[in-house]
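Single-letter residue listing:
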Amino acid sequence: RGLSGKIGGERNSLGRAANVPITFTALIPPLARAGVYSSLAMEGETFGHNSLGYDSFRHATLPVLQKMGIHVFPELDRAGFGRESDGLASCDIEP
C-alpha cells in the first residue's frame, strides 16, 4: 500500500526561493526510510553564491548517501542562478 500526497510551498515575503540542493539534502534521508518510493520536484536556486550547488549535490553528496544505502536519481530540469531564480530540479528516491 502506497501513500500519495503533495506538499505545496510559497516563496517567502522577499520573493526568494529556497536553495534546492540544500532542501533535497534535508528531505532525502527521511523519505528514503519511509518505506515507499518518493518523488520530489522543487523550484528555486540550483546554483548560488556560497551555498551548495546542484553539481556538488550530485557529485559529492549523493555518493555519500549511496554508501549509506540511500539511492537517489536526480534530474536538473532548469538551472537557476541566484536567490531570485526559478531553477527546477527533481529526484526519485528508493526506499
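Scroll up to find the structure this text is about.
Note that the structure is a prediction, hence the values are computed from the model and not measured.

The rules behind the values
All residue numbers refer to position in the chain's written sequence, counted from 1. For this predicted model, a pLDDT threshold of at least 70 governs which residues receive local features, and a threshold of 80 or more governs which side-chain atom pairs are given and counted, while totals over whole chains, interfaces and linings are taken from all residues. With hydrogens and water excluded, all non-hydrogen atoms of the structure serve as input to the side-chain values. The term salt bridge refers to a side-chain nitrogen of Lys or Arg lying within 4 Å of a carboxyl oxygen of Asp or Glu. Counting from the N terminus, the helices are DSSP H or I runs at least four residues long and the strands are E runs at least two residues long. Only protein chains enter the calculation, and the probe is 1.4 Å; a residue is then buried if its accessible area is under 20% of its type maximum, exposed if over 50%, and partly exposed in between. For a helix, the expected span equals 1.5 Å multiplied by the residue count minus one. The angle separating two fitted axes, one through the seven residues that finish at a residue and one through the seven that start at it, defines the bend at that residue. Should any heavy atoms of two residues lie within 4.5 Å, those residues are counted as being in contact. The definition of a polar contact used here is a pair of N or O atoms within 3.5 Å, where within protein one atom must be able to donate a hydrogen and the other to accept one, and adjacent residues in sequence count solely through side-chain atom pairs. A pair of strands is considered paired only if DSSP assigns at least 2 bridges between the two. Lines fitted to the C-alpha atoms define the axes, with helices restricted to the stretch that makes contact. Angles between their N-to-C directions range from 0 to 180 degrees.

Novice: Would you explain the pattern of salt bridges in this entry?
Specialist: Oppositely charged side chains are able to pair whenever their charged atoms sit close together. All chains considered together, the criterion is met by 1 salt bridge. A salt bridge links Arg78 to Glu43; its shortest N-O distance comes to 3.1 Å. In this pair, Arg78 is assigned in strand β2 (residues 72-78) and Glu43 in strand β1 (residues 38-44), connecting sequence segments 35 residues apart. For Arg78, a relative accessible area of 37% translates into the label partly exposed. Residue class for Glu43 comes out partly exposed when judged on its relative accessible area of 43%.

Novice: So what exactly am I meant to see when it comes to helix α1 (residues 20-32) here?
Specialist: What sets the pattern is the α-helix's 3.6 residues per turn: residues three or four places apart point alike. For α1, built from 13 residues, the straight-helix expectation of 18 Å at 1.5 Å per residue is met to within 8% by its first-to-last C-alpha distance of 17 Å. Of all the bends found along α1, the most pronounced is centred on Ala26 and spans about 25 degrees, while Pro29, a proline, follows it within four residues. Considered for burial, the residues of α1 that qualify are Val20, Pro21, Phe24, Ile28 and Ala32. Along its buried surface, α1 packs onto β1, α2 (54-67), β2 and β3 (87-93). Backbone nitrogen of Ile22 and a side-chain oxygen of the N-cap are separated by 3.0 Å at the start of α1; the cap is Asn19.

Novice: Looking at this structure, I do not really get the sheet that holds β3. What am I missing?
Specialist: Strand pairing within a sheet occurs via backbone hydrogen bonds; the two strands may be parallel or antiparallel. What the 3 strands build is an open sheet, ordered β1-β3-β2; its pairing is antiparallel. The strands lining the two open edges of the sheet, one partner per strand, are β1 and β2. Direction aside, neighbouring strands of the sheet carry axes that sit 15 degrees apart on average. Two elements, β2 and β3, share 6 bridges in a ladder whose sense is antiparallel. The residue of β3 that forms the bridge with Pro74 is Cys91. Running over the sheet, α2 touches β2 and β3 and is turned about 170 degrees from β2.

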